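# Chain and residue survey
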Amino acid sequence: MVSVPRLVIAAPASGSGKTTVTAGLMAAFAERGLDVSPHKVGPDYIDPGYHALAISSAASSGASGAGRSRTGGARPGRNLDAYLCGPDRIAPLFLHGAAGCDLALVEGVMGLFDGAAGQGELASTAHVAKLLRAPVVLVVDASSQSRSVAALVHGFASWDPGVRVAGVILNKVASDRHEAMLREALEGCGVPVFGALRRTRAVRAPSRHLGLVPVAERHAEAVDSAAALAARVREGCDLDGLLALARSAPPLSGRPWDPEEEIHRAMAAVPGAGGPGDDAGGRGHRAARPVVAVAGGAAFTFSYAEHAELLTAAGARVVPFDPLRDERLPEGTGGLVIGGGFPEVYAPELSANEPLRTAVAGLAASGAPIAAECAGLLYLAHSLDGQPMCGVLAAKARMSERLTLGYREAVAVSDTSLAAAGTRVRGHEFHRTTIVPGAGPEPAWGLVHPERRTEGFAHGDVHASYLHVHWVSVPGAAARFVNRCASPAG
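Just so it is clear, the structure is predicted and the values come from calculations on it, not from any experiment.

With that settled, consider the overall build of the chain. The secondary structure content of the chain amounts to 15 helices and 22 strands. Burial status across the chain gives 58% buried among its 490 residues. Accessible surface, the chain as shown: approximately 19000 Å² in total, 52% of it carbon and sulfur.

Listed below in structure tokens is the structure:
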């Protein structure tokens, strides 16, 4: 049994202010010197970046140890997605990310009870809160209402007895009089008010076609916003009361998720594949750990922290690089991972870096494994909005008016560096671009739900697709990829 003080920050609907309130709470508690562990329900990559920045920026405010874990490193924002990773992994992943913390804060997704379409509570904030046995604090957009707020909160608190709605933070409050009316209405509701935050434009994060602009693109401005959020929360919220509520969460049973154990288990399930301790696995007798280059920087900001941990556990030396700035791949690159992001925003700059584009094309031609998803798919294409890209794939990409969004079930059509043919996965699509053709002669995936179509490209040892897959649910993918780095095809 493990005791972790924790809160889930939820809302009745999207747009209520969950992200700004959560980031403000994280910064405010970190400024107090607490080791805060940030988490996000769902597949979103952008909000965890704001969480991590809110906590780490508190270190510059002078609080001793603020924004640092007990081991001295900054805690990354981590996702808790019961659809992508499975309900049984939520508590272990949480315990892994929150190990040794003073307080864990989990930002919800959409409305409290909104989950995967047509699958009940699966992957909803409420579902994750129940899996974590965590108290829920409801962030309510109080604009344009007064006494009705009590009916709203009462409905959410009583809808599912398994979800403990234990507090409310009133957001977008207009005035002292408005706050007094709201508090009076909630007095008989049985759900205490832990804060009231005034309307303000000073700390709004800019948005564009896929939501908030990532932290990496506006770091200095985001740091200032985090400081303003912390001040706003300090002034408007009962931090002592919220911390006491977090500490009331019961102990969690089970063991933390362990990437080393996952890799050993995945390799043991493959006859003759060996494991991380021998030549077929990751470390052990191998003369040198293969270098896996991972794209980063402002154009490629979408990545789950556990992916690098799994690659490392499988024996790789993970080396980040920035396709906007670096003209060469890291020395000794044996494999390349290009995650999601916004290459469409930086298409001219990515295209202008011809030396790196040539290096990536050469790496693919050599037979080295490359795993690319969404933004990575666009970067490997022949062109993006008319700008030359790496030319690894005989496909052209462009911006589209249509947003493609949602969970997917898929099966690997071809043997690739990530999966053997027949491997079933759950993934997520989130893009406003299109690529022609949408699938190569050897597709990466066959989508089976909610629609049936082939998607992506299996070209040599290149796996390129729009589908975001959380490798925690298929740890064999990391082991397979690192093995291919040791013995590339061709």
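Let us now look at helix α15 (residues 476–486). Every buried residue belonging to α15 is among A477, A478, A479, F481, V482, N483 and C485, and all of these are buried. Each element contacted by the buried residues of α15 is listed here: α10 (259–268), β10 (291–295), α11 (305–313), β12 (333–338) and β13 (370–373).

You can see A298 is positioned in the loop between β10 and α11. Linking A298 and F342, residues 44 residues apart in sequence, is a C-alpha distance of 7.8 Å.

Scanning all chains against the criterion turns up 23 salt bridges. Between R198 and D176 there is a salt bridge whose closest N-O contact spans 2.3 Å. Separated by 22 residues along the polypeptide, R198 in strand β7 (residues 193–198) and D176 in helix α7 (residues 176–186) bring together distant segments of the chain. Bridged by salt links that share partners, the residues D176, E179, R183 and R198 form one connected network.

Bringing the UniProt feature "site: Increases nucleophilicity of active site Cys" (unreviewed entry) in the chain into the picture now. This chain's UniProt record puts "site: Increases nucleophilicity of active site Cys" (unreviewed entry) on H468. Mapped onto the elements, H468 comes out in strand β22 (residues 468–469). Taking relative accessible area as the criterion, H468 reaches 2% and is therefore assigned buried. When neighbours within four sequence positions are excluded, H468 is seen to be in contact with Y45, F302, G340, E373, C374, R426, G427 and H428. For H468, the side chain forms a polar contact with the side chain of E373, separated by 3.0 Å.

It is worth spelling out the sheet that holds strand β1 (residues 6–10) at this point. Taken together, the seven strands give an open sheet; going across it, the order is β3-β2-β4-β1-β5-β6-β7, and neighbouring strands pair in parallel fashion. Taken across any chain shown, the strands that pair with only one partner, and hence form the sheet edges, are β3 (78–80) and β7. If you compare each strand with its neighbour and ignore which way they point, the axes differ by 25° on average. Two strands pair when backbone bridges link them, and β1 and strand β5 (residues 136–141) are joined in this way by three bridges, in the parallel orientation. Note on β5: the bridge partner recorded for A10 is L138. Its contacts with the sheet put helix α5 (residues 125–132) on β1, β2 (36–41), β3, β4 (103–107) and β5, and the angle it makes with β1 is roughly 170°. The strands that α7 touches are β6 (165–173) and β7; relative to β7, the one it contacts most, it runs at about 155°.

Now for the packing of aromatic side chains. Tallied over the full model, the rule gives seven aromatic pairs. Plain terms: the ring middles of F113 and F156 are 5.8 Å apart, the flat faces sit at 25° to each other, and that makes the pair stacked. One end of the pair, F113, is in the loop between β4 and α5; the other, F156, is in helix α6 (residues 148–159), and 43 residues separate them in sequence. The class for F113 is partly exposed, based on a relative accessible area of 22%. Members of the aromatic cluster, connected to one another through ring pairs, are Y45, F302, Y304 and F342. The cationic tip of R426 hangs over the ring face of Y83; the distance from NZ or CZ to the ring centre is 4.3 Å.

Our next topic: the sheet that holds strand β20 (residues 457–459). Across the sheet, which stays open at both edges, the six strands sit in the order β11-β10-β12-β13-β21-β20 with mixed pairing between neighbours. Edge strands, defined here as strands with exactly one partner in the open sheet, are β11 (317–321) and β20. Taken over all neighbouring pairs, the strand axes of this sheet differ in orientation by 15° on average, direction set aside. Taken together, the three bridges between β12 and β13 define a ladder with parallel strand orientation. Each residue of the ladder has a partner; that of V337, found in β13, is A371. Along the sheet, α15 makes contact with β10, β12 and β13, crossing β12 at roughly 145°.

Each value, and the rule that gives it
- Residues numbered from 1 in each chain as written.
- Predicted model: local features only at pLDDT ≥ 70, side-chain atom pairs only at ≥ 80, totals over all residues.
- Heavy atoms only, no water.
- Helix = DSSP H or I, 4+ residues; strand = E, 2+ residues; numbered from the N terminus.
- Buried < 20%, exposed > 50% of the residue type's maximum accessible area, 1.4 Å probe, protein only.
- Areas by Shrake-Rupley, 256 points an atom, 1.4 Å probe, with all protein chains shown as cover.
- Contact = heavy atoms within 4.5 Å.
- Salt bridge = Lys/Arg side-chain N within 4 Å of Asp/Glu carboxyl O.
- UniProt positions renumbered as here; feature names shortened; annotations may be inferred.
- Polar contact = N/O pair within 3.5 Å; in protein donor to acceptor, adjacent residues only side chain to side chain.
- Pairing = 2+ DSSP bridges.
- Axes fitted to C-alpha atoms, helices over the stretch in contact; angles between N-to-C directions.
- Phe/Tyr/Trp six-rings, centres within 6.5 Å; stacked < 30°, edge-to-face > 60°.
- Lys NZ or Arg CZ within 6 Å of the ring centre and 35° of its normal.

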